Amino acid sequence: MALNETQDLTHFSATGRARMVDVSGKDETRRVAVASGLLRMQPATLERIRAGTIAKGNVLAVADVAAVMAAKRTPEMIPMCHSLPLSGVEVAFAEIANADGEGCVGIKAMVTATCVGQTGVEMEALCAVSAALLTIYDMCKAIDRGMRIENVQLEEKRGGKSGVWLRNSTPGGLA
């Protein structure tokens, strides 16, 4: 995917200093962002998550709450991120049963963040996915320290002047 070289990096001033972008002139629209990520693990770890035998408790329930909390607190972690009135955060998990080249299976996390506002919710969705996967790692690390997080990425965004962007649509991602 190529960088759109006709757009400026808006988080930098003319003198190169970091800044929070002024969005006061933008229209409020419904904004949606979907992000995903994958946590690879040993098959026995996935089985224990599925069976509910992880000593720290219900792994996916805790990861779900962590994702929502992270989405709500994104501006505290990402310096130039606006504080947004989130309308909703939906979290879903899917098992990846096909082993990779190292024999690892996985859990895929998918988060949809929504709001009505003047700027998008991509960072909230990405932070939420990251927190969900890190929480699963934290709760299972005693039995599987070799777990690895992969492919945390934006899948789609909707709303605002730029409209719809889909990861697997056309070159550059524009739908």
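Model, not experiment: these values are computed from the prediction.

## Things to note about the overall build of the protein
Counting its regular elements, the protein contains 4 helices and 5 strands. Counted from the first residue to the last, the protein has its helices and strands arranged as β-α-α-α-β-β-α-β-β. Out of the 175 residues in the protein, the part that is buried amounts to 37%. Here the contacts in the protein between residues at least 6 apart in sequence split such that 71% fall between residues at least 24 apart.

## Considering the nonpolar core
M41, I49, V59, V111, I136 and C140 are the most contacted members of the largest nonpolar core, which has 33 residues in total. Those elements giving two or more residues to this core turn out to be strand 1 (29-41), helix 1 (43-51), helix 2 (59-72), strand 2 (86-96), strand 3 (105-117) and helix 4 (122-140). For this core, the element with the highest residue contribution is helix 4, accounting for 9 residues. Discounting residues that sit within four places of it in the chain, C140 has contacts with T45, I49, I54, V59 and M147.

## Thoughts on unusual backbone geometry
Its identity as a non-glycine residue notwithstanding, N151 has a phi of 55 degrees, on the positive side. Within the secondary structure, N151 is located in strand 4 (residues 148-158).

## Comments concerning the pattern of salt bridges
Considering all chains together, one arrives at 11 salt bridges under this definition. As a salt-bridge pair, D138 and K141 come within 2.4 Å of each other at their nearest N and O atoms. Since its relative accessible area comes to 24%, K141 is described here as partly exposed. One continuous salt-bridge network, built from bridges that share partners, spans R40, D100, E102, R148 and E150.

## Focus: the sheet that holds strand 4
Strand order in the open sheet formed by 5 strands is 2-3-1-4-5, and the pairing between neighbours is antiparallel. In this open sheet, the two edge strands, each paired with only one partner strand, are strand 2 and strand 5 (165-166). By the bridge criterion, 10 bridges tie strand 2 to strand 3 in an arrangement that is antiparallel. Following the sheet pairing, V91 is matched in strand 3 by V111. Strand contacts of helix 1: strand 1, strand 2 and strand 3, with the helix running at about 55 degrees to strand 3, the strand carrying the most contacts. Packing against the sheet, helix 4 makes contact with strand 1, strand 2, strand 3 and strand 4, and its axis sits at approximately 25 degrees to strand 1.

## So, the side chain of T74
Along the polypeptide, T74 turns up in helix 3 (residues 74-77). When its relative accessible area of 0% is taken as the criterion, T74 is described as buried.

## A closer look at the environment of E90
Take E90: it is sitting in strand 2. Filtering out sequence-adjacent residues up to four positions away, E90 remains in contact with M110, V111 and T112.

## Some details on the packing of helix 2 against helix 4
Between helix 2 and helix 4, the shortest axis-to-axis distance is 7 Å and the interhelical angle comes to 145 degrees. For the pair helix 2 and helix 4, the crossing hand works out as right-handed. Contact residues: V59, L60, V62, A63, A66, A67, A70 and A71 in helix 2; E124, C127, A128, A131, A132, T135, I136, M139 and C140 in helix 4.

The rules behind these values
Residues numbered from 1 in each chain as written. Predicted model: local features only at pLDDT ≥ 70, side-chain atom pairs only at ≥ 80, totals over all residues. Heavy atoms only, no water. Helix = DSSP H or I, 4+ residues; strand = E, 2+ residues; numbered from the N terminus. Buried < 20%, exposed > 50% of the residue type's maximum accessible area, 1.4 Å probe, protein only. Contact = heavy atoms within 4.5 Å. Core = buried A, V, L, I, M, F, W, Y, C linked by side-chain atoms within 4.5 Å. Salt bridge = Lys/Arg side-chain N within 4 Å of Asp/Glu carboxyl O. Pairing = 2+ DSSP bridges. Axes fitted to C-alpha atoms, helices over the stretch in contact; angles between N-to-C directions. Left-handed = near helix turned anticlockwise from the far one by under 90°.

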